[in-house]
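# Fold and geometry: a report
Here are the chains, one letter per residue:
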Amino acid sequence: MKNLNTYNSGPEKDGRFGIFGGRFVAETLMPLILELDEAYQAAKADPSFDLEVGRYLKHYVGRPSPLYFAERLTPHLGGAKVYFKRDELNHTGAHKINNCIGQILLAKKMGKTRIIAETGAGQHGVATATVCALFDLPCVIYMGEVDIERQQPNVFRMKMLGAEVRAVASGSRTLKDAMNEALRDWVTNVENTYYLIGTVAGPHPYPEMVRDFQSVIGEEVKGQLKDLEGSDRLPDTLVAAVGGGSNAMGLFYPFLDDINVDLIGVEAGGKGVASGKHAASLEGGRPGILHGNRTYLLQNQDGQILDAHSISAGLDYPGIGPEHAWLHDNGRAEYVSITDEEALEAFQLCSSLEGILPALEPAHALAQVIKIAPKLPSSHIIVMNMCGRGDKDIYTVAEALGVSI
Amino acid sequence: MSDSSLRDDRLASRFDLLRRESRGGLVTFITAGDPDFARSCRIMKGLPGVGADLIELGMPFTDPMADGPSIQASALRALKGGQTMVSTLSMVEEFRTEDMETPVILMGYYNPIYAYGVARFLEDAKASGVDGLIVVDLPPEEDAELCMPALEAGVHFVRLVTPTTNASRLPTVLKNTTGFLYYVSITGITGTGTASNDEVKGALQFLRPHTDLPIAVGFGIKTPEQAADVARYADAAVVGSALVEKIAESERIGGDSVEAALMFVKDLSSGVRAARSGAKR
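Criteria and thresholds
Residues numbered from 1 in each chain as written. Chains lettered and ligands numbered in written order. Predicted model: local features only at pLDDT ≥ 70, side-chain atom pairs only at ≥ 80, totals over all residues. Heavy atoms only, no water. Buried < 20%, exposed > 50% of the residue type's maximum accessible area, 1.4 Å probe, protein only. Helix = DSSP H or I, 4+ residues; strand = E, 2+ residues; numbered from the N terminus. Pairing = 2+ DSSP bridges. Right-handed = clockwise from strand over helix to strand, strands pointing away. Core = buried A, V, L, I, M, F, W, Y, C linked by side-chain atoms within 4.5 Å. Contact = heavy atoms within 4.5 Å. 1 Å grid on protein atoms, 1.4 Å probe; cavity = no way out; pocket = protein on both sides within 12 Å on 5 of 7 lines; lining within 4 Å. Points joined across faces, edges and corners; volume = space filled by probe spheres on them. Nonpolar A, V, L, I, M, F, W, Y, C, P; charged D, E, K, R; others polar. Patch = residues over 30% accessible without salt bridge, like charges linked within 9 Å, V, L, I, M, F, W, Y side chains within 5 Å. Areas by Shrake-Rupley, 256 points an atom, 1.4 Å probe, with all protein chains shown as cover. Salt bridge = Lys/Arg side-chain N within 4 Å of Asp/Glu carboxyl O. Axes fitted to C-alpha atoms, helices over the stretch in contact; angles between N-to-C directions. Expected span 1.5 Å × (residues − 1). Buried area = accessible area lost by both parts, 1.4 Å probe. Polar contact = N/O pair within 3.5 Å; in protein donor to acceptor, adjacent residues only side chain to side chain. pLDDT = per-residue confidence, 0-100. Parallel < 35°, antiparallel > 145°, perpendicular 65-115°, else oblique. Left-handed = near helix turned anticlockwise from the far one by under 90°.

Residue and element names in this part refer to chain B. A large share of strand S1 (residues 25-31) lies buried, amounting to seven of its seven residues. Neither face of S1 is open: one carries Gly25, Val27, Phe29 and Thr31, the other Leu26, Thr28 and Ile30, and all of them are buried. Pairing geometry for S1 and strand S9 (residues 236-239), over four bridges, is parallel. Looking at S9, one finds that Thr28 is bridged to Val239. Two elements, S1 and strand S2 (residues 54-58), share five bridges in a ladder whose sense is parallel. When the sheet's bridge partners are listed, Phe29 is paired in S2 with Glu56. The parallel pair S1 and S2 is bridged by helix H3 (residues 37-46), and the resulting crossover is right-handed.

Nonpolar side chains in soluble globular proteins tend to be buried together. Grouped together as the largest cluster of nonpolar side chains are 189 residues, with contacts concentrated most on A:Leu106, B:Phe121, B:Leu133, B:Leu146 and B:Tyr182. Excluding residues that lie within four positions of it along the chain, B:Tyr182 makes contacts with B:Glu56, B:Met107, B:Ile134, B:Val158, B:Arg159, B:Leu160, B:Val161, B:Ala216, B:Gly218, B:Phe219 and B:Val238. Residues A:Phe84, A:Ile311, A:Ala363 and A:Ile382 belong to the second largest nonpolar core, which totals 37 residues.

Let us now look at empty space enclosed by the protein. Residues and elements named next belong to chain A. Tallied over the entire structure, the rule returns six cavities of 30 Å³ or more. Considered as a void within the structure, the largest cavity measures approximately 330 Å³ in volume. Those elements that provide at least two residues to the lining of the largest cavity are strand S5 (114-119), helix H5 (123-134), helix H8 (175-188) and helix H11 (246-252). Residue composition of the lining of the largest cavity, grouped by class: ten nonpolar, 15 polar and three charged.

Residue and element names in this part refer to chain A. Where nonpolar side chains cluster on the molecular surface, the patch consists of Leu357, Ile394, Tyr395, Leu401, Val403 and Ile405 and spans about 540 Å² of accessible area. Mapped onto the fold, Ile394 is located in helix H16 (residues 394-400). Taking the relative accessible area as the measure of exposure, Ile394 reaches 34% and is therefore partly exposed.

A word on the sheet that holds strand S6 (residues 139-144) of chain A. All names here are of chain A. Strands sit in the order S7-S6-S5-S8 across an open sheet of four strands; the sheet is parallel. Edge strands, defined here as strands with exactly one partner in the open sheet, are strand S7 (164-168) and strand S8 (193-195). If you compare each strand with its neighbour and ignore which way they point, the axes differ by 25° on average. Relative to S8, S5 runs parallel, the two being bridged by three bridges. Across the sheet, Ile116 pairs through a bridge with Tyr195, a residue of S8.

All names here are of chain B. What the nine strands build is an open sheet, ordered S5-S4-S3-S2-S1-S9-S8-S7-S6; its pairing is parallel. In this open sheet, the two strands that pair with only one neighbour each are strand S5 (156-157) and strand S6 (159-161). Bridge count between S2 and strand S3 (residues 104-108): four bridges; the pairing is parallel. Counterpart to Leu57 in the pairing with S3 is Leu106.

In this section: the environment of B:Pro112. Structurally, B:Pro112 can be placed in helix H6 (residues 110-116). Ignoring sequence-local partners within four residues, the contact set of B:Pro112 consists of A:Asp302, A:Gly303, A:Gln304, B:Pro60, B:Phe61 and B:Met85.

Further remarks concern helix H5 (residues 85-96) of chain B. All names here are of chain B. Between its first and last C-alpha atoms H5 spans 17 Å; for twelve residues at 1.5 Å apiece the expected length is 16 Å, and the two agree. Buried residues of H5: Met85, Ser87, Thr88, Leu89, Met91, Val92, Phe95 and Arg96, and no others. In this structure, the buried side of H5 is in contact with helix H2 (10-20), H3, S2, S3, H6 and helix H7 (118-128).

For the rest of this paragraph, the subject is the interface of chain B and chain A. The interface of chain B with chain A comprises 34 residues on the first partner and 36 residues on the second. Together, the buried faces of chain B and chain A total about 2800 Å²; carbon and sulfur atoms form 52% of this surface. Inspection of the chain B/chain A interface yields five salt bridges. The interface formed by chain B and chain A includes 21 residue pairs in polar contact (both at pLDDT 80 or more). Mapped onto the side of chain B that touches chain A, the elements with two or more residues apiece are helix H4 (69-80) and H6 of chain B. For the side of chain B that touches chain A, the leading source of residues is H6(B), giving five residues. Of the residues contributing to the side of chain B that touches chain A, the split by class is 17 nonpolar, ten polar and seven charged.

A word on the confidence of the model for chain B. Overall, the predicted model of chain B reaches an average pLDDT of 94, with 96% of residues at or above 70. Across residues 1-7 of chain B, confidence stays below pLDDT 50; counting only partners more than four residues off in sequence or on other chains, it has four contacts.

Turning to the packing of helix H2 (residues 47-61) of chain A against helix H4 (residues 96-109) of chain A, a few remarks are in order. Residue and element names in this part refer to chain A. Running from N to C, H2 and H4 cross one another at 135°; their axes reach a closest spacing of 10 Å. Considering the angle they form, H2 stands oblique to H4. You can see that H2 and H4 cross each other, and the crossing is right-handed. Together, Phe49, Glu52, Val53, Tyr56, Leu57, Tyr60 and Val61 of H2 and Ile97, Asn98, Ile101, Gly102, Leu105, Leu106 and Lys109 of H4 make up the contact between the two elements. Taken together, the residues that form the contact of H2 with H4 break down as ten nonpolar, two polar and two charged.

The structure is reproduced here in structure tokens:
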């Protein structure tokens, strides 16, 4: 890294964050990834590209999203002051669209005529299908059969938006397998296809690029909190859910060098890390290579990838973005896990107290806030990323609560 | 590579032999442990006898992102049967008790090797009688990971060249490639489309002036006729998915998958061996 006293200058030119990241892809894809890197670096340096992204974020997505003081939850918890970054109010109901706007404009710039993407909860699939409708590009979404089953509303939404949803029947039939299938599609359709990855993982430059497009979240928080709390006030703690880690990276990145700001990433603990049925790659995994990058992975002794488990389809992935792996190892960020049960409780509390149905992903982050806030003084400011709305999850939640709807 | 290691370089000797016999070779791919360890060993041991010139032994992985359904399924069958890296290496060791000439290339993905430990893997692979490696998700940009240590340990690192490898990139790909070059004849995953003869011929014409390495061609070769067509121009034809599919098919109908696999290889070999009779290169 050029400057050893900074956390935000990564990755290196070869896509490394410490030992993590990299470009572990088949030769067929290598020229495409190099081309993408070149195109992205050029776009990044081009102020007009930035302006165009900003224009769509403002007028189409509805940014900036509010920073909301949780006025009933805060006294309920009786400790720290809790703010929600309301990214669930974005068009399409989650943070995923921030990245999709950026990448679709890049794909257009590169002259690509067909878009593919993977999706877990369906939020990234919906966001991708949305921008493809807007920019009139054919769109194929790969989604595991298990996820299709538990995210029917999003499947229907994608179809309405004109996307083709391809069910993935291989492996564990969830997000990891959808990503394998998308990579197989890309290897096959190299000429015209742009692979719009939805998280801060995959081969370089995806982790950097997706992080950059999501950093609007943290940038806004910085400005908004100063307006609300005084000119030099930074948050004390940031909390975000981590599957691949795009909403967390987007919130954390602008604060990496504000070392007094605590960063907490919340992994999905499923039925508990000790049970083996979880998606906590940092807590329960070890470094390995999958989907183009080195990162922490759930795997057995022989390097075979294990199935992840989480009630939240969006967190159900056996890996994590390489920058998170790096922030974990160097200690800049702390990573904890929250179980399905804790997330469900947080979901219900937030719904009844604040009138906000959180997606099951940020419900994990909220469960961590519920744990720590009561122990902190009222002068302590926590900002939690409410990265998605829970409407898509009502069937899953109802089932978990034994209610049939 | 030093002169002493070249003397016992099974890959170089095999391609020399093929040149002397003026024919293209047959490279067969099977997944180690498919359909189970014992039968996989018997298939491997039987391959040279039915005309396989080189053996690619797949190291099974749960997430083979460059492979089609046939090879994915074979890896899962092997893993379900308890195949590990240790048992894959012991297959090679056992094979070497009977065959000291046929080159064996391990093919797969990096994570199982990384989990085993690169240094320990190279030492054990070399000791077992492995001649080379093809690791799909290690492009030249990641050579420091395994390629350089492998070459230092005297294990060949065979690289894939694809239709997307253009003239400006080719030198990067060729730089640390040894043993032979594997031309992936289609953009796609294993066992799907098949390249036309003209496409294969064109690719070889493009590659030959840049390298003295033998060139094997694979991906999408399914029949003895197709193998023969490729072996007419290339130094070897690789058959993987179609062979693995014979094993799966035989398992489905309760047949003898060892015999089914070896009979198919015999047909492939007849095709390859007849390819250049009358049509000298």
